[in-house]
Amino acid sequence: QVQLVESGGGLVQPGGSLRLSCAASGFTFSYYYMGWFRQAPGKERDLVAAITRSGSTSYGDFVKGRFAISRDNSKNTVYLQMNSLKPEDTAVYYCAASTNRITIATITYWGQGTQVTVSS
């Protein structure tokens, strides 16, 4: 049974940091491209960050050096370190897995999402 289980979301003040984790099981993690998406109420689901099987990374334009995606194949886990958080970063964050370059159209597996709220 395939599972992507996100954790680490919560409430944080503007300028603060959070680290999201996504634990994968039920598939060969190291063979997959991994990514993080986010969706705010009434908005589309956007790609936040992606990492290839070899560890190359890419980010949405709105990240602007504030976030970092990483993976640990020995733990079947992908991370998203988020710094300098802004209220507009408030959204549900989803972990995703794909056998191809990460786009919203190529995702094979989705996590259930974790809420991130940035507010004072």
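Above: the structure in question.
Reading guide: rules and limits
Residues numbered from 1 in each chain as written. Predicted model: local features only at pLDDT ≥ 70, side-chain atom pairs only at ≥ 80, totals over all residues. Heavy atoms only, no water. Helix = DSSP H or I, 4+ residues; strand = E, 2+ residues; numbered from the N terminus. Contact = heavy atoms within 4.5 Å. Pairing = 2+ DSSP bridges. Axes fitted to C-alpha atoms, helices over the stretch in contact; angles between N-to-C directions. Core = buried A, V, L, I, M, F, W, Y, C linked by side-chain atoms within 4.5 Å. Buried < 20%, exposed > 50% of the residue type's maximum accessible area, 1.4 Å probe, protein only.

This brings us to the side chain of Thr114. By the element assignment, Thr114 lies in strand S11 (residues 114-118). Leave out the neighbours within four places in its chain, and Thr114 touches Glu6, Gly9, Leu20, Ala91, Val92 and Tyr93.

The next subject is the sheet that holds strand S7 (residues 67-72). In space, the 4 strands of this open sheet follow the order S1-S3-S8-S7, with antiparallel pairing throughout. Only two strands of the sheet have a single neighbouring strand rather than two, namely strand S1 (3-7) and S7. Between one strand axis and the next, the sheet turns by 15° as a mean value, whatever way the strands run. Looking at chain direction, S7 and strand S8 (residues 77-82) are connected through 6 bridges and run antiparallel. In the sheet register, Arg71 faces S8, and the bridge partner there is Val78.

Below, the discussion takes up the nonpolar core. A general trend in soluble globular proteins is that nonpolar side chains are found buried together. Membership of the largest hydrophobic core comes to 28 residues, with the highest contact counts inside it found for Met34, Trp36, Val78, Leu80, Met82 and Tyr93. Among the elements of the structure, strand S3 (18-25), strand S4 (33-39), strand S5 (46-51), S7, S8, strand S9 (91-98) and S11 are those that each provide at least two residues to this core. Grouped together as the second largest cluster of nonpolar side chains are 6 residues, Ala50, Ala96, Ile102 and Ile107 included.

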